[in-house]
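What the coordinates show
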Amino acid sequence: MPMNTGFTARYRVPRGKDGSGRVHASPRRRLPTVVIGAGPYGLATAAWLSAAGTERRVFGEPMECWSANMPDGMFLKSVPAASSVSAPEAGYRLEDFRTARGRGPVGDRYPVPVEEMIAYGRWFQERRVPELERRRVRSVGRTDGLFGVTLDSGEEFLAGRVVMATGLVPFAHEPPELTGLLPAELVSHTSRHHDLGRFSGQRIAVLGAGQSALESAALLHEAGAFPTVIARARSVAFGSPPDTDRPSDRPRPVRVLKPGSPLGPGWSLLACARGGGVIRHLPQDVRLRMLRGVLGPSGGWWLRERVEDRVPVLCGRRVRSAMAEDGGVCLEIEAVGDGRRTETLRADHLLLATGYQVDVDRLTLLTPELRREVETFHGAPRLSSGFESSVPGLFFTGLAAAPTFGPVLRFVAGTGFAARRLAGAVAAGSRERP
Ligand SMILES: Cc1cc2nc3c(=O)[nH]c(=O)nc-3n(C[C@H](O)[C@H](O)[C@H](O)COP(=O)(O)OP(=O)(O)OC[C@H]3O[C@@H](n4cnc5c(N)ncnc54)[C@H](O)[C@@H]3O)c2cc1C
């Protein structure tokens, strides 16, 4: 049952034609659609909603996750051609931003610095989403089938639809078996750090084998810290440098065997990049396996020389236990598959590069009642082909939609697919079961 939070007592809910309080499609249409989030997915959604003529309010700090929750000095793993925020019109791609700034064109061999991506996202927002309100949404509840939205400023209003584009940070995965053993100042997730230079001179145990672990280790080393990477994998992998700047310049047989895609070369990656609509119809276990397996942990090609022979990497190991000792951490590490082989690692801090796990329950800006109404699988929301959840009018995009539509939703390259579909579903007012 939808909750009446008391919100409607203060705000007049538009009535249906029969004068009842029941919500018909038209009141929902007359109220704004609220987009929460101003990262690549929120901005793209807002751009597509505006092109469809949908009345909207958009909230968030532009590119906040990129400027506050990613390390300074980082480079994007995705190539420039796969790093554009989608808009329905031409003129808003990363290359357009570079041209506007008097910078030349770049190809696949150019790693995009995070600072350039942040500046591009803000440029996109100023030009394409000027209506953005740089305020935080404090809570969203459901009231008579509509949404009661409360801002940090205390402003309250009703929304017909809500798009959750709040990104990765709420889903940061911190293994509880480790965090439970250590005081908060000795262990942290990578998403909590923008300036890794604060660890200069310290010994840092970095847990993980993906881009985040390897790039954090490189940046820590370069900042004068002493990182050690602990990886479950038997070896850490790095990508291969692209042979050419444009995939179309590669010899034809190579292109046929490994066609280019926004996720990288290869038929399976091309299928993932283009086939989100089909992926949604696969059994959920297959989709979840795909999410874990496709683009498994590896570092960008330019990281190899910054990590190999510079940073100790303990492969095939897992942390069995951790304890605080002399102001630092003492980790007991065991070989994967052979718990008898153990070693001890002492460090000043444990940095968790343990990724992100979608869990609707972590989205605490939705009231507990509303969260309970969202049907989930393994913590992820069930979504219709238009990104709508089991709660009519509540949409999820970005990482939260990846368990439904596949790995492309983990990347900026998925913004076109997501925003086009979502804005289309909002404009059509269609109601399809997720
Ligand atoms: C270290 C790292 C490296 C990455 N490298 C790449 C890469 O090379 N290429 C790539 O394509 N992807 C990369 N990604 C993934 C990329 O970050 C995501 O695909 C992308 O940021 C998702 O965009 P988003 O809009 O969903 O979320 P985010 O970028 O996380 O934005 C979330 C937005 O929500 C807003 N928000 C949150 N809560 C509220 C609230 N209560 N009220 C108002 N606003 C709120 C924030 O202000 C922010 O604007 C990387 C991720 C990480 C962690």
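Parameters and conventions
- Residues numbered from 1 in each chain as written.
- Predicted model: local features only at pLDDT ≥ 70, side-chain atom pairs only at ≥ 80, totals over all residues.
- Heavy atoms only, no water.
- Near = heavy atom within 4 Å.
- Polar contact = N/O pair within 3.5 Å; in protein donor to acceptor, adjacent residues only side chain to side chain.
- Areas by Shrake-Rupley, 256 points an atom, 1.4 Å probe, with all protein chains shown as cover.
- Nonpolar A, V, L, I, M, F, W, Y, C, P; charged D, E, K, R; others polar.
- Salt bridge = Lys/Arg side-chain N within 4 Å of Asp/Glu carboxyl O.
- Helix = DSSP H or I, 4+ residues; strand = E, 2+ residues; numbered from the N terminus.
- Buried < 20%, exposed > 50% of the residue type's maximum accessible area, 1.4 Å probe, protein only.
- Domains from an automatic or database assignment.
- Contact = heavy atoms within 4.5 Å.
- Buried area = accessible area lost by both parts, 1.4 Å probe.
- Pairing = 2+ DSSP bridges.
- Axes fitted to C-alpha atoms, helices over the stretch in contact; angles between N-to-C directions.

Near the ligand lie 30 residues; those nearest to it are Glu64, Lys77, Ser78, Arg410 and Val412. Proline 40 places a main-chain nitrogen or oxygen 3.2 Å from an oxygen atom of the ligand. The contact in question runs from an oxygen atom of the ligand to an N or O atom on the backbone of valine 412, over 2.8 Å. When the ligand sits alone it has 990 Å² of accessible area, and the protein chains cover 92% of it. Considered class by class, the residues forming the shell around the ligand number 17 nonpolar, seven polar and six charged.

Here the structure, examined in full by the defined rule, presents 27 salt bridges. For glutamate 64, the salt bridge goes to arginine 136, with nearest N and O atoms at 3.4 Å. Residue glutamate 64 is located in helix α4 (residues 64-68), and its partner arginine 136 is located in the loop between α6 (114-128) and β3 (137-143); the two are separated by 72 residues in the primary sequence. A relative accessible area of 53% places arginine 136 in the exposed class.

With that settled, the discussion passes to the domain arrangement of the protein chain. For the protein chain, the domain assignment lists domain 1 (7-171 + 356-428) and domain 2 (176-238 + 298-352). Listed as interface residues are 14 residues of domain 1 and, on the opposing side, 15 residues of domain 2. Carbon and sulfur atoms supply 56% of the area that domain 1 and domain 2 bury against each other, a total of about 1200 Å² over both sides. Put simply, domain 1 and domain 2 have zero salt bridges between them. Inspection of the region where domain 1 meets domain 2 yields six residue pairs in polar contact (both at pLDDT 80 or more). Of the residues assigned to the side of domain 1 that touches domain 2, the class counts are eight nonpolar, three polar and three charged.

The four strands are arranged β2-β1-β6-β17 in an open sheet whose pairing can be described as parallel. The sheet is open, and its two borders are formed by β2 (56-59) and β17 (394-396), each paired with just one other strand. Here the strands of the sheet are splayed against their neighbours by 15 degrees on average, with no regard to which way each runs. Sheet analysis places strand β1 (residues 33-36) next to β2, joined by four bridges and oriented parallel. Paired with valine 35 across the two strands is valine 58, which belongs to β2.

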